[in-house]
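Below are the chains, spelled out letter by letter.
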Amino acid sequence: MTRFAFSLSTLAMLAASPALADTLAADLWAEWQAQATVTGQTLNATVTETDTGLTLTNFTSTYADDDVSTRAAIDEIQMTENPDGTVTITFSELYSTTFTFDVDDDGDPPGNIEVQLRHEGLDVRVSGDPGNRTYTYSADRIILTEGAIWGGGSEPPSIDLDMVITDLESTYSVTGDSPETMRFDSTGSMGGMQMSLEILPPPGETGRLKAGMLMGPAEGVSAGTFLSLAALNQMTDGLPEGLELTGTTTYDSFALEFQFEDVGELFAVAYANEGGSIGFGFNDSAISYDIAAQGMNTQIAAADLPVPVEVSVESSEIAFAIPLAAGDTPQDVSVRVAYQGLTAGDGIWAMMDPTGAIPRDPASLILDATGQVQLFMDLMNLDPEELTGPPGELRALNVSELRLGVGGAELTGTADFTFAPGQIEPMPVGAAELQLSGGNALLDALMAGGLVPNDQGAFVRGMANVFARPGATPDTLETTVQFGADGSITANGIPLQ
């Protein structure tokens, strides 16, 4: 996916706000070649000067690594210098990208898969001075389809791909005049995207794969150092100094279907949501990630599943931020997991609780925690064979919110711990405050439904009453779990260790 994205990024790079100075086609062509070199690509074309700029014919962009090589080609690109100081870029209708890869070690020729991109209503303009370029581009439709498939030493599968992006609008700016200082900023939107894919095996083989995707209107922003694009395309040991990438995308809806069929086999997944967001941050010292969605529904069916699986979630979020580089002082780390309004289909409940003893209340799970870690070495440069100890140590952990709700019962809590340096097994010092509501009612339901034997249920109830105290409202329990500097652990004042 990264290689395919970089093939498309070539078109975007070739692909603006009013200009303050004349933009020259020859300067742009030189900049494209320099920027391509930074990202590991090589550009070639036959260049012809015209009265209004340049014409590039037989344009190609190539990239290769140990596993896959990529060759993108456009018959003609016209750069037209406009009276207002901008440059209009016009592309041939077809933009072809071919991926070449080794199939096996038996001497067979490499396999080749071609993807074809076409456009409708594409308008690309460039403005600004060298070292401060702005590209603006829009398109009514961007269309991706399959091309030729050949090589590999055997009959290839049949692939039918159709992807359409509508109402594309984007602005892409590049500042700086050297790889070490160049930065990019991008904003964009689309009216929607739809994709269908079908793969059939070669003659004589069985199996069939079908997939479909549908995304509603979306908007996104991204920024970073141009060197970051080079690092992603040419990943070597460690991360280069100055690496920086950030981005956020929001969308109104998303749906995905996947189905694989073979003799006696079936696996199908259908997923849909009512919108969400994806955010990330990545540099040479830290990484962060945040993905959220609302109104999710997932259905899974398989030949070896006794019943179809259906799960719905009102909202979800997974986020984390962790340091990557060693430091002399502790560094911040955070994590958040939040699933709310989780419900399961009747088929799952019928297997787990056929008598209907457990209340069918929506479940929830929330964990929001921050902390500090001391890293002794860069995580991106780790060599497992050279490790003589852990790469870092936990110094502090604060749980601002813990919430687990299921079957009408809910466990909530907070915690605040510190950890002394130099411990082989981290031992916390601090306390956790926990509260449980509806626990006895849930235990009664489990016992009544035969899911928990009566003697085990009575034991659990007795232990809970020893290590917890009654809360302010009926059927609530509270406890304080204390971790001492001497290694002691108590719950509700009762020693556990």
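Residues numbered from 1 in each chain as written. Predicted model: local features only at pLDDT ≥ 70, side-chain atom pairs only at ≥ 80, totals over all residues. Heavy atoms only, no water.

> Can you walk me through the overall build of the protein in this structure?
Across its full length, the protein holds six helices and 28 strands. In terms of overall dimensions, the protein has a C-alpha envelope of 90 × 60 × 50 Å along the principal axes. Within the span of the protein, comprising 497 residues, buried residues form 37% of the whole. Accessible surface computed for the protein: about 26,000 Å², of which carbon and sulfur atoms make up 57%. Taken as two groups, the 15 positive and 71 negative side-chain charges of the protein have centres that lie 6 Å from each other. (Helix = DSSP H or I, 4+ residues; strand = E, 2+ residues; numbered from the N terminus. Buried < 20%, exposed > 50% of the residue type's maximum accessible area, 1.4 Å probe, protein only. Areas by Shrake-Rupley, 256 points an atom, 1.4 Å probe, with all protein chains shown as cover. Lys, Arg positive; Asp, Glu negative; His and termini not counted. Charge placed at Lys NZ, Arg CZ, Asp CG, Glu CD.)

> Just checking my understanding: could you explain helix H5 (residues 439-448) for this structure?
Each full turn of the α-helix corresponds to 3.6 residues, which orients residues three or four apart in the same direction. Taken residue by residue, H5 has Gly439, Leu442, Leu443, Ala445, Leu446 and Met447 as its buried positions. Against strand E22 (392-406), strand E23 (409-419), strand E24 (428-437) and helix H6 (454-467) lie the buried residues of H5. Of the residues one or two after H5, Gly450 is the one with positive phi, at around 75°. (Contact = heavy atoms within 4.5 Å.)

> Would you take a moment to explain the environment of Asp66 for this structure?
As for its placement among the helices and strands, Asp66 is situated in the loop between strand E2 (53-64) and strand E3 (68-81). Separated by 407 residues in sequence, Asp66 and Thr473 have C-alpha atoms that sit 65 Å apart.

> How do you make sense of the confidence of the model for the protein when you look at a structure like this?
In low-pLDDT regions, the fine details of the predicted coordinates are not to be read closely. Counting all residues, the mean pLDDT for the protein is 89, and 92% of those residues have values of 70 or more. Contacts of residues 1-21 to residues separated by more than four positions or lying in other chains number 63 contacts, the stretch itself having pLDDT below 50. (pLDDT = per-residue confidence, 0-100.)

> I keep staring at the nonpolar core and nothing clicks. Help me out?
Nonpolar side chains in soluble globular proteins tend to end up buried together. If you look at the biggest cluster of nonpolar residues, it comprises 52 residues, and the most contacted ones within it are Trp29, Trp32, Met79 and Ile89. Once residues within four sequence positions are removed from consideration, Met79 is found in contact with Ala25, Leu28, Trp29, Trp32, Thr52, Gly53, Leu54, Leu56, Val87 and Thr88. Of all hydrophobic cores here, the second largest spans 10 residues; its members include Val399, Ala432, Val481 and Phe483. (Core = buried A, V, L, I, M, F, W, Y, C linked by side-chain atoms within 4.5 Å.)

> I tried to follow the side chain of Ser61 on my own but got confused; where do I start?
Its location among the elements puts Ser61 in strand E2. A polar side-chain atom of Ser61 sits 2.9 Å from a polar atom in the side chain of Gln41. (Polar contact = N/O pair within 3.5 Å; in protein donor to acceptor, adjacent residues only side chain to side chain.)

> Looking at this structure, how should I read helix H2 (residues 25-38)?
Relative to the 20 Å expected for 14 residues at 1.5 Å per residue, H2 spans 20 Å between its end C-alpha atoms, a close match to the ideal helical length. Of all the residues in H2, the buried ones are Ala25, Leu28, Trp29, Glu31, Trp32, Gln35, Ala36 and Val38. Where H2 ends, the next residue or the one after it, Gly40, has phi of about 85°, a positive value. (Expected span 1.5 Å × (residues − 1).)

> I'm lost on the pattern of salt bridges in this one. Help?
Opposite charge on two side chains lets them pair, provided their charged atoms get close. Taken as a whole and assessed by the stated rule, the structure comprises 13 salt bridges. In this structure, the salt-bridge partner of Asp353 is Arg360, at a minimum N-O distance of 2.8 Å. A relative accessible area of 38% means that Arg360 is categorised as partly exposed. Overlapping salt bridges bring together Glu317, Arg336, Asp368, Glu401, Arg403 and Glu410 as one network. (Salt bridge = Lys/Arg side-chain N within 4 Å of Asp/Glu carboxyl O.)

> Explain the environment of Asp475 here, please?
Mapping Asp475 onto the fold places it in the loop between strand E25 (469-470) and strand E26 (476-483). The sequence separation of Asp475 and Ser334 amounts to 141 residues, and the corresponding C-alpha distance is 33 Å. A distance of 3.2 Å separates the side chain of Asp475 from the backbone nitrogen of Ala441, its partner in a polar contact.

> I keep staring at the side chain of Thr55 and nothing clicks. Help me out?
Relative to the helices and strands, Thr55 resides in strand E2. Not counting the four nearest positions on each side in its chain, Thr55 is found in contact with Thr46, Val47, Thr48, Thr50, Glu76, Ile77 and Gln78.

> Just checking my understanding: could you explain the pairing of strand E12 (residues 208-215) for this structure?
In the sheet, strand E11 (residues 192-200) pairs with E12 via seven bridges, with the strands oriented antiparallel. Paired with Met195 across the two strands is Met213, which belongs to E12. Of the pairings in the sheet, the one linking E12 to strand E15 (residues 254-262) comprises eight bridges and is antiparallel in character. Residue Lys210 lies in a different strand from E15, and its bridge partner there is Gln259. (Pairing = 2+ DSSP bridges.)

> Looking at this model, I keep getting lost on the layout of surface pockets. Mind explaining?
Remark: the empty space left among the atoms is shown by a probe the size of a water molecule rolled over them. Its volume calculated, the second largest pocket comes out at about 440 Å³. Taken together, 20 residues line the second largest pocket, and the ones lying closest to its centre are Leu436, Gly439, Val460, Ala464 and Leu477. Broken down by secondary-structure element, the contributors of at least two residues to the lining of the second largest pocket are E23, E24, H5, H6 and E26. A breakdown of the residues in the lining of the second largest pocket according to their chemical character gives 13 nonpolar, four polar and three charged. (1 Å grid on protein atoms, 1.4 Å probe; cavity = no way out; pocket = protein on both sides within 12 Å on 5 of 7 lines; lining within 4 Å. Points joined across faces, edges and corners; volume = space filled by probe spheres on them. Nonpolar A, V, L, I, M, F, W, Y, C, P; charged D, E, K, R; others polar.)

> What's the story with the environment of Trp29 in this structure? I'm lost.
When you line up the elements, Trp29 lands in helix H2. For Trp29, a relative accessible area of 9% gives the class buried. Along the primary structure Trp29 and Val47 are separated by 18 residues, whereas in three dimensions their C-alpha atoms are 9.3 Å apart. Beyond its immediate chain neighbours, meaning those up to four positions away, Trp29 contacts Leu43, Asn44, Ala45, Val47, Leu54, Leu56, Phe59 and Met79.

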